[in-house]
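Descriptive structure summary
What follows is each chain in one-letter form.
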Amino acid sequence: MAHIRVERITVSFPVYSASARSLKRGMIGLATGGRIGLDGDRTVQITALDDVDLTFEHGDRVGLIGHNGAGKSTLLKVLAGVYEPVRGRVRCEGRVASMSNPRLGIDQDSTGYENIFQRGLFMGLRPREIEARTDEIAAFTELGDYLAMPVRTYSAGMAARLAFAISTCVEADILLMDEWLSAGDAAFVARARERMSDLVDKAGILVLASHSDNLIRETCNKALLLERGKVVGFGPIDDILAIYHGRRQAAQPAAVS
């Protein structure tokens, strides 16, 4: 059974090119982004996640909500193993697949078939697993003989088809997404939507970051609100969205009559 335990994690990044004085002038009162501070060496630190403690169970479809810089993408990267917390730990039970950047690892000078293999390795598949999926991926792209040609010869729509087909070939216990994947090509959209829905249905846990209330409501059964790296609320979607929009409205400057 898929399971995620996030135990009081903190993630921070040093900013060596910025001085404390320039940051204070330029960012004081900023409503978005992580908390800005100084470490013992007077190096500027941005705390992207601050003492986050969470448990996701099998069957959870969690929508991550928050303004830009609230920590949504950072949390996804921690769950994917890309970022290491400076404090706390993360335990994920089950195979994890990250859909944050489907075009990551696509080489313009390699053929479509070569990219299927290379991207498959990047996603953690074994060579025999890639070989077993290649025909299905190729058929889904509908690119035919173009798969034997370098990706730099593809149109933007063709390249999107290839990246989408490769990225969605893995059945995961834990599926991480930064916005909903789409293939870009209008003639491909219906098939891509069906494939994504099937992938989500098969996952034990979905964690989806999105700015779309409708997508969160349609896809998820829980919502998690982050603000400046801290958890503000976690629970029923409508309750968390109400908190989010209430806090946004309260933060707006009063109208001048």
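The rules behind these values
Residues numbered from 1 in each chain as written. Predicted model: local features only at pLDDT ≥ 70, side-chain atom pairs only at ≥ 80, totals over all residues. Heavy atoms only, no water. Helix = DSSP H or I, 4+ residues; strand = E, 2+ residues; numbered from the N terminus. Buried < 20%, exposed > 50% of the residue type's maximum accessible area, 1.4 Å probe, protein only. Contact = heavy atoms within 4.5 Å. Areas by Shrake-Rupley, 256 points an atom, 1.4 Å probe, with all protein chains shown as cover. Polar contact = N/O pair within 3.5 Å; in protein donor to acceptor, adjacent residues only side chain to side chain.

1. Comments concerning the overall build of the protein
Counting secondary structure elements, the protein contains eight helices and 10 strands. Counting across all 257 residues of the protein, residues that qualify as buried make up 43%. Relative to all contacts within the protein whose residues are 6 or more apart in sequence, the contacts with residues 24 or more apart total 73%. Split by element, the accessible area of the protein, about 13600 Å² in all, is 49% carbon and sulfur.

2. Regarding the environment of Glu179
Along the chain, Glu179 turns up in the loop between strand S7 (174–178) and helix H6 (189–202). Spatially, the C-alpha atoms of Glu179 and Gly63 are 9.8 Å apart, while their sequence positions differ by 116 residues. Side-chain polar atoms of Glu179 contact the side chain of Ser210, separated by 3.0 Å. Polar contacts involving the side chain of Glu179 include one to the main-chain amide nitrogen of His211, which spans 3.0 Å.

3. So, unusual backbone geometry
A positive phi angle, near 60°, is found at Glu142, a position not held by glycine. If you trace the backbone, Glu142 turns up in the loop between helix H4 (127–141) and helix H5 (156–167). Of note in the backbone geometry, Arg228 takes a positive phi value of approximately 50° without being a glycine. Secondary-structure assignment places Arg228 in the loop between strand S9 (222–227) and strand S10 (230–235). Exposure remark for Arg228: the relative accessible area of 36% places this residue in the partly exposed category.

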